[in-house]
Each structure stands twice: as structure tokens, then as C-alpha cells.
Amino acid sequence: MSNVSPSGPPMAASPLTRAVLEIDEYASGLGWDRPARLFALVDTARLRAQEPSLASQLGLGADAATAYTPIEQEELPAGKPLDEFLGTIAWPDAVAGCALTVERLMLPPSAEAAVPKDLDEAGLAKWVARHPERQEVRMTVAVLRDGAREAAIRLREKDSPSEVLTGPDLVPGLADALAATFAS
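Attention now moves to the overall build of the protein. The number of helices and strands found in the protein is 6 helices and 6 strands. Ordered by position from the N terminus, the helices and strands of the protein form the series α-β-α-α-β-α-β-α-β-β-β-α. Across the 184 residues in the protein, those meeting the buried criterion constitute 41%. Of all intrachain contacts in the protein linking residues separated by at least 6 positions in sequence, the fraction that spans at least 24 positions is 67%.

Shown next, in the form of C-alpha cells:
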């Protein structure tokens with residue numbers, strides 16, 4: 001377990017947005033071409049009250065201003081599709097939410113009309129990888145048990161904290177998959 005170092009997200013942002021930006025900043029510090037990373041989001045005040053030694057180990061003193069503390073989970077299994085893996089997760093009650101950061105290739109909406117209709121998933125991935133307008137992106141998506149969602153998207157070609165796009169509806173499919181991990 002490692003927590004994400006809180007440093008630069010804007011204080012005006014919602015607590016969930018701040019958590020997503022903290023995770024994005026952490027992932028950025030690790031560099032590109034990394035596997036997906038999964039995080040539990042725990043209520044910082046509750047963590048300090050119920051697990052003071054762990055909170056201290058994570059550097060979450062009484063002055064910690066973050067509402068949610070991201071705690072990185074073990075590495076995701078290699079070779080298993082992400083949707084299948086997410087379908088196996090059940091979070092304990094102490095976890096307020098979860099987040100995932102993953103890198104993908106994306107095309108601009110203008111290129112979608114040119115996608116061949118007869119491609120399987122592997123063929124589509126190869127086609128996108130060869131497309132001249134493809135963009136490498138890192139997506140960080142978080143959901144809370146109460147249904148709140150937030151995402152951050154960082155383009156590799158504009159790899160700067162000031163160029164990170166945030167919003168609750170940027171990656172709805174991944175947000176739905178993460179929310180399903182809290183379904184009882």
C-alpha cells in the first residue's frame with residue numbers, strides 16, 4: 001500500500017476532484033507506459049480516528065486537508081481484461097470510493113466515422129494504434145459509494161498539470177464499471 005502524496009490540486013475543487021488530481025499527479029510522477037493502477041479512497045478523518053498508526057505512516061496528521069486518502073492497491077493481474085478484473089472486486093465498508101488510472105489510445109471524434117465496421121477488439125486496437133490522429137492519454141476515474149464521479153484526462157503530448165481536463169462524465173463506461181464494484 002502506498003498513499004498518493006497531496007501537493008498541488010486546487011483547493012477550490014471538490015474533495016473528489018482533488019483526490020483524482022492527486023492520483024493523476026502521482027501517476028504522472030511514475031511516467032508513461034505503466035500498467036493500470038487501482039486505488040481505494042478512504043475518508044481521511046475516519047482513517048485518522050480508526051487507524052491512527054496507519055494514518056501516521058501515510059503522513060496524514062491532524063493538519064491533512066484532504067477529505068479522501070487514495071491508497072494504492074496491489075498490482076492488477078497481467079493479461080486479465082480490465083472489465084473482468086473489476087467484476088471480481090468487493091470493497092469493505094471502510095472504503096468510501098475507488099479510483100483507477102489507465103493509459104489508452106484515443107481518436108478524435110472526427111476519426112470515428114472512418115473506423116472499419118468488421119474489426120474485432122484486437123483488430124480495432126491495431127487500427128487505432130496506426131491511425132495518424134491517435135492520442136495517448138492517461139485517464140484517472142474515481143467513484144464514491146454515493147454515486148459521485150470524477151475523471152481526469154492527461155494527453156501525453158501535453159503532459160502538464162495545467163493541461164489536465166477534469167469532469168464527472170469524461171469516461172462514463174469506466175465510471176460505471178468502477179461503480180459496479182460497490183453494488184451489493
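Picking up where we left off.
A large share of strand 2 (residues 68–72) lies buried, amounting to 5 of its 5 residues. Judged by which residues are buried, strand 2 turns out to be covered on both faces: Tyr-68, Pro-70 and Glu-72 on one side and Thr-69 and Ile-71 on the other are all buried. Note: strand 1 (residues 37–43) against strand 2, 5 bridges, orientation antiparallel. Bridge pairing links Asp-43 to Tyr-68 in strand 2.

This brings us to the pattern of salt bridges. Per the counting criterion, the structure on display carries 5 salt bridges. The shortest N-O distance in the salt bridge between Asp-33 and Arg-156 comes to 3.0 Å. Remark: Arg-156 occurs in the loop between strand 5 (149–155) and strand 6 (165–167) and Asp-33 occurs in the loop between helix 1 (15–30) and strand 1; sequence separation between them is 123 residues. Among the residues examined, Asp-33 registers a relative accessible area of 56% and is labelled exposed. Its salt-bridge partner being Arg-156, residue Glu-136 comes within 2.8 Å of it at the nearest N-O pair. Placement of the pair is Glu-136 in strand 4 (residues 135–144) and Arg-156 in the loop between strand 5 and strand 6, with a sequence separation of 20 residues. Residue Glu-136 is classed as partly exposed on the basis of its relative accessible area of 33%. With relative accessibility at 31%, the residue Arg-156 sits in the partly exposed group. Here the salt bridges share partners, and the residues they tie into one network are Asp-33, Glu-136 and Arg-156.

Quick notes on the rules
- Starting afresh in each chain, residues are numbered from 1 along the sequence in its written order.
- With pLDDT at 70 or above as the cut-off, local features in this predicted model cover only qualifying residues; side-chain atom pairs require 80 or more to be listed or tallied, and sums for whole chains, interfaces and linings still use all residues.
- Heavy atoms from the whole structure form the basis of all side-chain values; hydrogens and water molecules are not counted.
- Labels follow the DSSP assignment, with helices taken as runs of H or I lasting at least four residues and strands as runs of E lasting at least two, numbered in each case from the N terminus.
- Throughout, exposure labels follow a simple rule: accessible area from a 1.4 Å probe, protein chains only, divided by the maximum for the residue type, with under 20% read as buried, over 50% as exposed, and the rest as partly exposed.
- Note on contacts: a residue pair is in contact if any heavy atoms of the two residues lie within 4.5 Å.
- One requirement defines pairing of two strands: DSSP has to find at least two bridges between them.
- When a carboxyl oxygen of Asp or Glu lies within 4 Å of a side-chain nitrogen of Lys or Arg, that pair is called a salt bridge.

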